[in-house]
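Summary of structural features
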Amino acid sequence: MDAPTLEAFKALSNPVRLQVLACLRDPRANFPVEQGIANPDEVGVRASQIQEKTGLAQSTVSAYMAALERADLVTSTRVGKWTHYRRNEERIEAFVNLLGRSL
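This text gives an overview of the structure that appears in the document. Being a predicted model, the structure only gives us computed values, none of them experimental.

Right, let's get into the overall build of the chain. Each helix and strand counted, the chain has 6 helices and 3 strands in total. Helices and strands appear in the chain in the N-to-C order α-α-α-β-α-α-β-β-α. Radius of gyration (C-alpha) of the chain: 13 Å, near the 13 Å computed for a compact globule of 103 residues. By principal-axis analysis of the C-alpha atoms, the chain measures approximately 40 × 25 × 20 Å. Among the 103 residues that make up the chain, the fraction classed as buried is 34%. In the chain, once contacts between residues fewer than 6 apart in sequence are set aside, the share between residues at least 24 apart is 50%. Surface summary for the chain: the accessible area is close to 6,000 Å², and the carbon and sulfur share equals 52%. Both charge centroids of the chain, one from 13 positive and one from 12 negative side chains, sit 5 Å from each other.

And the structure:
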């Protein structure tokens, strides 16, 4: 298995990171869109919104999102002073397909 795939397994082994990735599938349904400063479908959800949703400390959310980004399961975009995250659907689809072939 290649390094990105192993990173994806590591990232998804944490239930909160898995929950965040699931919530990012439909950001308009799972996060208060009116609080955003950018289109959540195009740019993603602010890290502070993820923090509010999970109830975790900012440093923990940053570490969790960094793990998902290392695994290439999410991408980040800076808008002003805020970091936004959204799912990398292409990578997620490739990962799911790999699982289907491997198991």
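Grouped together as the largest cluster of nonpolar side chains are 18 residues, with contacts concentrated most on L24, F31, I50, M65, L68, L73 and V74. The residues contacting L68, other than those within four sequence positions of it, are A11, L12, R17, L73 and V74.

Attention now moves to the packing of aromatic side chains. This model, assessed by the stated rule, comprises 1 aromatic pair. Between F9 and F95 the ring centres are 5.1 Å apart and the planes differ by 70 degrees, which places this aromatic pair in the edge-to-face class. With a gap of 86 residues between them, F9 in helix α1 (residues 3–12) and F95 in helix α6 (residues 89–102) connect regions that are remote in the sequence. What makes F95 buried here is its relative accessible area of 6%. A cation over a ring is seen here: R17 above Y64, with NZ or CZ 5.1 Å from the ring centre.

Right, let's get into the environment of T83. By secondary structure assignment, the location of T83 is in strand β3 (residues 82–87). A relative accessible area of 18% means that T83 is categorised as buried. When the C-alpha atoms of T83 and S62 are compared, they prove to be 9.8 Å apart, with 21 residues separating the residues in sequence. Not counting chain neighbours up to four residues away, the residues in contact with T83 comprise V45, R46, A47, S76, T77 and R78. Side chain to side chain, T83 and R78 meet in a polar contact 2.9 Å long.

Calculation rules
Residues numbered from 1 in each chain as written. Predicted model: local features only at pLDDT ≥ 70, side-chain atom pairs only at ≥ 80, totals over all residues. Heavy atoms only, no water. Helix = DSSP H or I, 4+ residues; strand = E, 2+ residues; numbered from the N terminus. Rg over C-alpha atoms; globule rule 2.2 N^0.38 Å. Buried < 20%, exposed > 50% of the residue type's maximum accessible area, 1.4 Å probe, protein only. Contact = heavy atoms within 4.5 Å. Areas by Shrake-Rupley, 256 points an atom, 1.4 Å probe, with all protein chains shown as cover. Lys, Arg positive; Asp, Glu negative; His and termini not counted. Charge placed at Lys NZ, Arg CZ, Asp CG, Glu CD. Core = buried A, V, L, I, M, F, W, Y, C linked by side-chain atoms within 4.5 Å. Phe/Tyr/Trp six-rings, centres within 6.5 Å; stacked < 30°, edge-to-face > 60°. Lys NZ or Arg CZ within 6 Å of the ring centre and 35° of its normal. Polar contact = N/O pair within 3.5 Å; in protein donor to acceptor, adjacent residues only side chain to side chain.

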